[in-house]
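A look at the structure
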Amino acid sequence: MEPILQTKHLQKSYDGSHQILKDINFSIKQGEVVVIVGPSGCGKSTFLKCLNMLEPMDRGEIYLDGKSIEREGKNISLYRQKVGMVFQSYELFPHLNVMDNLLLAPRKVQKRKKEEIQKEAETLLLRVGLWEKRKAYPRELSGGQKQRVAIVRALLMHPEVLLLDEITAALDPEMVREVLQVVQELAKEGMTMVIVTHEMKFAKAVADRVLFMDGGIIVEEENPQEFFVYPKTDRAKQFLNTFHYAALEI
Amino acid sequence: MQDLGIQVLFRGNNFLRLLEGMWAALRIALIAMALSVLLGFLFGMLMTIHNRAIQCISRIYLETVRIMPQLVLLFLVYFGAAKHMGVNLSGEMASILVFTFWGTAEMGDLVRSALIAVPTHQYESGAALGMKKWQTYFYIVIPQSVRRLLPSAVSLLTRMIKTTSLVVLIGVVEVVKVGKQIIDASRYTNPKAALWVYGAIFLLYFAVCFPFSKLAAVLERKLAE
Ligand SMILES: Nc1ncnc2c1ncn2[C@@H]1O[C@H](COP(=O)(O)OP(=O)(O)O)[C@@H](O)[C@H]1O
Ligand SMILES: [Mg+2]
């Protein structure tokens, strides 16, 4: 099967000299869930931002549905509608209530009918257990609730691929599960996702493939059963040792 | 028969004239403020661009406006520019010009700091949802900035209204000027006229400014919540 999203020789530096991403060749197929792990500062967020074109890359190509994507120009908006993203920080719009947060982009960007989106939004909110909160403002929600709304907001754009950047990293432990559950359900339904996370149990459960990134390159690429139990490289072993998760040994 | 002092306010159409004078002053402040809001937004957005030349020029403009007393600016424009460069400018026009020049700088600075107070990830979330730059500004960044700068903008408006008491000095017939005329006209019949007229002007200014300054306080409190 053709990859849905692909990068070839992606390179990126912020200051022109120190390369954060050295040569990333990445691809993901329809319905696949790829989890990216790696030490903090290794360039995972940078990679997702490049994938979403929030950061310009220095060199390389991005392909969506086999077509090379231009780095500039008005097609960027169209591209971003197909490649959605949810961030670590709760980035709901604080001046809008939950429903208006959800409606804004589908209405203004995709020019869809309000009634239609609203119906879909209510269905999705019901599913993530937040229908009662549809009129609430972000400041009235917990971190976990905000992230679930953020996921719904991205889903309403009907993306082909969803990028999730450590969406539970800023959450209190008891809220992590409610968010990861939503992601797991999406995975079951066949949503194509690139997930950056430090939740190793979750990574093992949800991933079809794990990429281990370090020093701006993809060091290892494996299925989760292999990677988490028999990592090949020393760097990956070292990295995994920093997580004390007995549960994975089973 | 000697008047009771207060009667000076109600003789003929004196009170109406005072009100008209107040309106003339208020109109200058309101027009200038409306223009300042428009231009200030542009100026504020301009100042957030990382460009040495733009930032340098904006800095100079801002500092100039802050250092110069409004009165000097009024004289400069009305007597200087108007009379010497052959531009025929009414006192009211000159006042609106100066107040807008001043207000745009102040509004611009408010807008600039409100804009940079909106976190980067708000811009990024807008972009990540496929919104164009102007859409992100229009629907996400500006509404959040407006909340932040509303209290200071309202207090700028009250300062402007107060400062209109200076425009009498370049010949605008506003409330202070009207007051003087009334006092002059009743100099012989009512020696206490000055006290009553200026008292009335004080109350008029108070009546106009108080609601605004109260509003600013309320907004400030709401925002802190
Ligand atoms: N906007 C930026 N400007 C300059 N350097 C940055 C910027 N964002 C990230 N970096 C640097 O790039 C490197 C990779 O960061 P990041 O992609 O956030 O790593 P990760 O998400 O894997 O923790 C880090 O060294 C970080 O300091
Ligand atoms: Mg990161």
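Residues numbered from 1 in each chain as written. Chains lettered and ligands numbered in written order. Predicted model: local features only at pLDDT ≥ 70, side-chain atom pairs only at ≥ 80, totals over all residues. Heavy atoms only, no water.

This paragraph deals with the overall build of chain A. The secondary structure content of chain A amounts to nine helices and ten strands. Relative to a compact globule of 250 residues, whose C-alpha radius of gyration would be 18 Å, chain A shows 18 Å and is just as compact. Over its C-alpha atoms, taken along the principal directions, chain A stretches across nearly 55 × 45 × 35 Å. Once local pairs closer than 6 in sequence are excluded, the contacts in chain A between residues at least 24 apart make up 67%. If you sum the accessible surface of chain A, you get close to 11,700 Å²; carbon and sulfur atoms cover 48% of it. (Helix = DSSP H or I, 4+ residues; strand = E, 2+ residues; numbered from the N terminus. Rg over C-alpha atoms; globule rule 2.2 N^0.38 Å. Contact = heavy atoms within 4.5 Å. Areas by Shrake-Rupley, 256 points an atom, 1.4 Å probe, with all protein chains shown as cover.)

For the rest of this paragraph, the subject is the confidence of the model for chain A. For chain A, mean pLDDT is 92; residues scoring 70 or higher make up 97% of the total. In this model, residues 246-250 of chain A is a region of pLDDT below 50 whose contacts with residues beyond four sequence positions or in other chains number six contacts. (pLDDT = per-residue confidence, 0-100.)

Residues and elements named next belong to chain A. For ligand 1, the full set of nearby residues is Tyr14, Ile20, Ser40, Gly41, Cys42, Gly43, Lys44, Ser45 and Thr46. Between ligand 1 and the protein, one listed contact pairs an oxygen atom with a backbone N or O atom of Gly41 at 2.7 Å. Between an oxygen atom of ligand 1 and a main-chain N or O atom of Cys42, the distance comes to 3.3 Å. Burial of ligand 1 by the protein amounts to 57% of the accessible area it has alone, namely 560 Å². At three residues, helix α1 (residues 44-51) tops the list of elements feeding residues into the shell around ligand 1. (Near = heavy atom within 4 Å. Polar contact = N/O pair within 3.5 Å; in protein donor to acceptor, adjacent residues only side chain to side chain.)

This part takes up the confidence of the model for chain B. Mean pLDDT over chain B works out to 88, with 96% of the residues at or above the 70 mark. If you check the scores for this complex, the pTM reads 0.82 and the ipTM reads 0.88.

Attention now moves to the pattern of salt bridges. Per the counting criterion, the structure on display carries 20 salt bridges over all chains. Here Glu91(A) makes a salt bridge to Arg153(A), at a shortest N to O gap of 3.1 Å. Residue Glu91(A) is found in the loop between β6 (83-86) and α3 (98-108), and its partner Arg153(A) is found in helix α5 (residues 143-155); the two are separated by 62 residues along the sequence. Each of the two residues, Glu91(A) as well as Arg153(A), counts as buried. Of the charged contacts, one joins Arg159(B) and Glu106(B) as a salt bridge, the two residues approaching to 3.9 Å between their closest N and O atoms. With Arg159(B) in helix α6 (residues 133-163) and Glu106(B) in helix α4 (residues 91-117), this residue pair connects regions lying 53 residues apart in the sequence. Residue Glu106(B) is classed as buried on the basis of its relative accessible area, which comes to 15%. It is possible to trace a salt-bridge network through shared partners that takes in Arg66(B), Glu106(B), Asp109(B), Arg112(B) and Arg159(B). (Salt bridge = Lys/Arg side-chain N within 4 Å of Asp/Glu carboxyl O. Buried < 20%, exposed > 50% of the residue type's maximum accessible area, 1.4 Å probe, protein only.)

Taken together, the 23 residues of chain A in the interface contact 17 residues of chain B. When chain A packs against chain B, close to 1,700 Å² is buried across both sides, 65% of that on carbon and sulfur atoms. Together, Phe93(A), His95(A) and Lys108(A) form the three largest contributors to the area buried by chain A at its contact with chain B, with a combined 31%. Remark: the boundary between chain A and chain B carries one salt bridge. For Lys49(A), the salt bridge is made with Glu124(B), and the minimal N-O distance between the two is 3.3 Å. Seen at the junction of chain A and chain B, the total is five residue pairs in polar contact (both at pLDDT 80 or more). Looking at the side of chain A that touches chain B, its residues break down into twelve nonpolar, five polar and six charged. (Buried area = accessible area lost by both parts, 1.4 Å probe. Nonpolar A, V, L, I, M, F, W, Y, C, P; charged D, E, K, R; others polar.)

Below, the discussion takes up the sheet that holds strand β1 (residues 3-13) of chain A. Within a sheet, adjacent strands bond to each other through the backbone by hydrogen bonds, running parallel or antiparallel. Residues and elements named next belong to chain A. Strand order in the open sheet made by the four strands is β2-β1-β4-β5, with antiparallel pairing throughout. Pairing within the sheet leaves two strands with one partner each, and these edge strands are β2 (19-29) and β5 (67-68). Pairing between β1 and strand β4 (residues 59-64): five bridges, direction antiparallel. From the neighbouring strand, Leu5 faces β4, where its bridge partner is Leu64. (Pairing = 2+ DSSP bridges.)

Turning our eyes to something else, we now look at the layout of surface pockets. Of the pockets and cavities examined, the largest pocket occupies roughly 800 Å³. For the largest pocket, the lining is made up of 26 residues, of which Met53(A), Leu54(A), Arg80(A), Ala127(B) and Lys133(B) are closest to its centre. Sorting the residues of the lining of the largest pocket by element identifies α2 (75-82) of chain A together with α4, α5 (120-128) and α6 of chain B as the ones contributing at least two each. Ranked by residues supplied to the lining of the largest pocket, first place goes to α5(B) with four residues. Roughly 580 Å³ of internal volume is contained in the second largest pocket. Together, 15 residues line the second largest pocket, and Pro94(A), Arg139(A), Arg147(B), Lys222(B) and Leu223(B) are the ones closest to its centre. (1 Å grid on protein atoms, 1.4 Å probe; cavity = no way out; pocket = protein on both sides within 12 Å on 5 of 7 lines; lining within 4 Å. Points joined across faces, edges and corners; volume = space filled by probe spheres on them.)

Residues and elements named next belong to chain A. The geometry of α3 relative to α5 is characterised by a closest axis approach of 9 Å and an angle of 25 degrees between their N-to-C directions. By the angle between their directions, the pair α3 and α5 is classed as roughly parallel. As α3 packs across α5, the resulting crossing turns out to be right-handed. Counted together, Val98, Asn101 and Leu102 of α3 and Val149, Val152 and Arg153 of α5 form the full contact between these two elements. Residue composition of the contact of α3 with α5, by class: four nonpolar, one polar and one charged. (Axes fitted to C-alpha atoms, helices over the stretch in contact; angles between N-to-C directions. Parallel < 35°, antiparallel > 145°, perpendicular 65-115°, else oblique. Left-handed = near helix turned anticlockwise from the far one by under 90°.)

Further remarks concern the sheet that holds strand β9 (residues 209-214) of chain A. All names here are of chain A. Spatially, the six strands line up as an open sheet ordered β6-β7-β8-β3-β9-β10, and their pairing is mixed. With one partner strand each, in any of the chains shown, β6 and β10 (217-222) form the two edges of the open sheet. In this sheet, neighbouring strand axes are inclined to one another by 20 degrees on average, regardless of whether the strands run parallel or antiparallel. Of the strand pairs in this sheet, strand β3 (residues 33-37) and strand β8 (residues 192-196) are connected by four bridges, and their pairing is parallel. The partner of Val35 across the bridge, within β8, is Ile195. Where α1 meets the sheet, its contacts fall on β3, β6, β7 (161-165), β8 and β9, and the angle it forms with β7 comes to roughly 150 degrees.

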